[in-house]
Number of protein chains: 2
Amino acid sequence: MSEELGLSVKKAEDFSKWYLEVLQKAEVVDMRYGVKGFQIFMPTGMQAINEVTRLLEEELQKFDHKPVLFPTVIPESSFSKEAEHIKGFGDEVFWVTQGGEKKLEERLCLRPTSETAFYPLYSLWIRSHMQLPLKLYQVATMYRYDTKMTKPLFRTREFYWIETHTAQKTFKDAQKQVEEDMKIFESVLKKMQLPFLLFKRPEWDKFAGAEETYAYDTMLPDGKALQIGTTHNLGEKFSRVFKIKYLDAKGKKKYVNQTCFGPGISRMLGAMLAIHGDDRGIIFPPSIAPIQIVIVPVYTKETKTEVLEKTGELLGKLEERGFKVHLDDRDKYTPGFKFHEWELKGVPLRIEIGPLDIKNKKVSLSRRDSLERITIQEEKLEEYVIEVLDSIGFHLENRAKELLSVRDAINLKEIKENLKNGGFIRVPFCMKENCADKLKEKTGAEIRGAIVGKKEKPKGKCAVCGAKAKEIVYVAEAY
Amino acid sequence: MSEELGLSVKKAEDFSKWYLEVLQKAEVVDMRYGVKGFQIFMPTGMQAINEVTRLLEEELQKFDHKPVLFPTVIPESSFSKEAEHIKGFGDEVFWVTQGGEKKLEERLCLRPTSETAFYPLYSLWIRSHMQLPLKLYQVATMYRYDTKMTKPLFRTREFYWIETHTAQKTFKDAQKQVEEDMKIFESVLKKMQLPFLLFKRPEWDKFAGAEETYAYDTMLPDGKALQIGTTHNLGEKFSRVFKIKYLDAKGKKKYVNQTCFGPGISRMLGAMLAIHGDDRGIIFPPSIAPIQIVIVPVYTKETKTEVLEKTGELLGKLEERGFKVHLDDRDKYTPGFKFHEWELKGVPLRIEIGPLDIKNKKVSLSRRDSLERITIQEEKLEEYVIEVLDSIGFHLENRAKELLSVRDAINLKEIKENLKNGGFIRVPFCMKENCADKLKEKTGAEIRGAIVGKKEKPKGKCAVCGAKAKEIVYVAEAY
């Protein structure tokens, strides 16, 4: 619906402005709904949301997670049962208080997350060890009355995610589930060509009600980290409050151990667009592109029939091979306009066909990532398309990985110095919360936690207080 | 999660009780969430919702509708702009009034339908005839503070649907859109083997703000009609209020004409389960079954490897042919338990394999609709499966069609008499609202409207007041 397709700002010059402009012009989101922090997912955005969701659901279902959908509202009595949870979320929920002009008997909050929606039912459903593990997930929108600055896809008051909620026999089983979550998430992030580091969040930065929180941070082009998903081991914290018990094989009553996992779909999408995009618009990695290939016929009145016949033939062939192809045969726009539109909207590969191509049995292709244009023999098209889509994915992945460079620092001065370039900074740390506060105050950056799956032994002293360092942690400015 | 799989009540004896029990036991919905009228979609239900949604989206996209997602909340100032609309919906919306413990500056209602969310943006986006028709849709949950009796999937305070919102140049274009909607919907209902009649709703029963309302009614086994979808020609009613104008080809400013179409996914699902199910549980039509074929291996310790090898082989073969197959290799349940569970959950076709079958190169199949059991040569399996799934669909469709029998009546007494058997009753009618009220008061039944696409000329007098009849209308008790 945008009439002007060009971007007025370069990504390298003003990332923030570029990001807002590209999301609007490529029809990803529109922020002009008129309620602060609420965004409209536009067609390009919604198609991409559906692709990300599909990838996640496929992986979850492979591991036997089953879909459900709980109500959007949570009664206050359930919501306020777990003390840490209400402390963490109480100030940032929207309350429904009226039905028509009548006051409701009990306030209902719009779910900020759904532990307190699911778990009262878990206590009804779960009776025996035979039912465990119970693995349910939902695709849903969440609501948080967030008072910080909002930014489309990254920080909004309504956002899109998947949340899984599992019940397990033991803490160890729960920990295994957390590891399975990591496997699921990493496989999807790989397909989106999204670079990430996996952290164990420090005590003070855990999810409200969790025993342990693991979080995925990606790094944006402006040097700031963005959390795109978390998985939590809740232990028995919620099961004791909601009385979720099972009879074990010996007939003994036990509390279940729980986990929840939240891939942040809106944020994953935002990060993917921010990281891969360029001055012409967004670029979708081929494995997640709603349209992988667009075919643009180039014709005059005289050659229209002939050209459309050929493009229709190619469309059929490529679709048969399983590619997501779109034939843009709109008469009211010029080929040039179409080229610009599909570049803006990030289609990885464009095919152009004119009468001369047909005569020469050739096809012209344009790669969205490198903007290279290649002409090949028509008979080699299918073979070439497989190759070039792979190559685009590979190229995007390598380019994105550069954002993950990590630098070392051993004191606040070095941290500040390094932060000028953005990115992650590795520092020895004492693991005390007041040192984290001080670091934040002095540098504006946050402790993202120790890295998971890599033993990094601290040498020397805490970069903030000079006491003996307990862990190596990663520091970054963050959204 | 249900431990007892058998139903305690027969469908023919107490439809209402049967319906509630089968939905709970087959894990379609759970009504014990604790907030009146809010249901939990359980795994069987959610998988089916996803299938229905997929069918609808596929059809919509064929006709160039594009997906979007608007916020769940609508600011009061937009919601109350169109006078008829607010009159129709004002008493039945939930209001969000607080963020944390702070009062919001403006109340936000949870969308009961989204005209007033979409159309302020349409006035921003639409400038030129080049942009028309604009065809957007969203898959979303709606909220109505309905004070009538709630019933799972049929009447709840939160429900699932798709809504399309289009903007067109002329009233005639809008009418063509309504016809396209009909084509889309009828194709999906056919795949669900759902019988229906299509009515033009009388003036007093139109959508709040529509020029014309067309509605699909199905007929449930208890003889009551259920509206499962509507499509509305809104004319310029909303575009004048929201100032949605475009420049036509001659440079003249005009108001757009609008349509909206709402296939009620929750209700379509409920009707499908209610109509096709039997005393053993639900029955999915093969073209919409989340699982079309379940394979149950039957083995002892000694034969386990051999049997699982064979079932794995068949699973692969059938999946390759595009069937949705599930291999139930859970060790903790007996084959008998599994048979019951999959019958309850409505899988159309079951395959059993034991060591003797393998030896004889045979396969045993059970049809869910007729409960017939057939043994065939293994080599004929794929061919037979195609045939039998078709046959199940055909059988369900024919059985369901019987619900649509229509009887005639010419006065209130005959209407009452006929209503004892439920179903649709065809009557001559004067088309006055107070006669409709009287009919409702005297018989409990409603005028569903004149049938679309069939000219039925009224003979004689209005069945209520005796004045000259203007149309033939259909009367039924309704949900």
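Residues numbered from 1 in each chain as written. Chains lettered and ligands numbered in written order. Predicted model: local features only at pLDDT ≥ 70, side-chain atom pairs only at ≥ 80, totals over all residues.

## Some remarks on the domain arrangement of chain A
Split by domain assignment, chain A resolves into domain 1 (44-276), domain 2 (293-401) and domain 3 (406-476). The straight-line distance from the C-alpha centre of domain 2 of chain A to that of domain 3 of chain A is 48 Å. (Domains from an automatic or database assignment.)

## Observations regarding the packing of helix α2 (residues 43-62) of chain B against helix α8 (residues 265-276) of chain B
Residue and element names in this part refer to chain B. Axis separation between α2 and α8 bottoms out at 10 Å; the angle between their running directions is 115°. Taken together, α2 and α8 sit at an angle that is classed as roughly perpendicular. Where α2 crosses over α8, the handedness of that crossing is right-handed. Across the interface between the two elements, Gly45, Ala48, Ile49, Val52 and Thr53 from α2 touch Ile265, Met268 and Leu269 from α8. (Axes fitted to C-alpha atoms, helices over the stretch in contact; angles between N-to-C directions. Helix = DSSP H or I, 4+ residues; strand = E, 2+ residues; numbered from the N terminus. Parallel < 35°, antiparallel > 145°, perpendicular 65-115°, else oblique. Left-handed = near helix turned anticlockwise from the far one by under 90°. Contact = placed C-beta atoms within 7 Å.)

## Some words on the interface of chain B and chain A
Of the residues lining the interface, 45 residues belong to chain B; the matching set on chain A comes to 45 residues. If you list the elements that add at least two residues to the side of chain B that touches chain A, you get β2 (40-41), α2, β3 (66-67), β4 (73-75), β5 (94-99), β6 (102-110) and α5 (115-125) of chain B. Sort the elements by how many residues they give to the side of chain B that touches chain A and β5 of chain B lands first, with six residues. Partitioned by chemical class, the residues of the side of chain B that touches chain A number 28 nonpolar, 10 polar and seven charged. (Nonpolar A, V, L, I, M, F, W, Y, C, P; charged D, E, K, R; others polar.)

## Considering unusual backbone geometry
With an omega of -5°, the peptide bond running from Leu132 of chain A to Pro133 of chain A counts as cis. Among the structural elements, Pro133 of chain A can be located in the loop between α5 (115-125) and β7 (134-143). For Glu27 of chain B, which is not glycine, the phi torsion reads 60° and is therefore positive. Checked against the element boundaries, Glu27 of chain B lands in the loop between α1 (15-25) and β1 (29-30). Given 24 C-beta atoms within 10 Å, Glu27 of chain B falls into the buried group. At Lys243 of chain B, a position not held by glycine, the phi torsion is positive, near 55°. (Buried ≥ 20, exposed ≤ 12 C-beta atoms within 10 Å, placed from the backbone.)

## A short note on the relation of the copies chain B and chain A
Note on the chain copies: they are related by a rotation about an axis and a translation along it. With an RMSD of 0.0 Å, the operation that places chain B on chain A is a rotation of 180° combined with a shift of 0.0 Å along the axis. Within this description, the copies of the chain are treated as partners about a two-fold rotation axis. When C-alpha distances to the rotation axis are compared across chain B, the minimum falls at Val96 of chain B, with a value of 2.1 Å. (Least-squares fit on C-alpha atoms with pLDDT ≥ 70 in both.)

## What about the sheet that holds strand β15 (residues 293-297) of chain A?
Residues and elements named next belong to chain A. Read across the open sheet, the five strands follow the order β16-β15-β17-β18-β19; overall the sheet is mixed. Because the sheet does not close on itself, it has two edges, and the strands there are β16 (325-327) and β19 (373-377). Across this sheet, the average inter-strand angle for adjacent strands is 25°, counted without regard to direction. Of the strand pairs in this sheet, strand β18 (residues 362-367) and β19 are connected by five bridges, and their pairing is antiparallel. Counted as the bridge partner of Ser366 is Arg373 from β19. Helix-sheet contacts for helix α9 (residues 304-320) involve β15, β16 and β17 (349-353), and the interaxial angle to β15 is about 170°. Packing of helix α10 (residues 335-344) onto the sheet brings it into contact with β15 and β17, and relative to β15 it is tilted by some 170°. (Pairing = 2+ DSSP bridges.)

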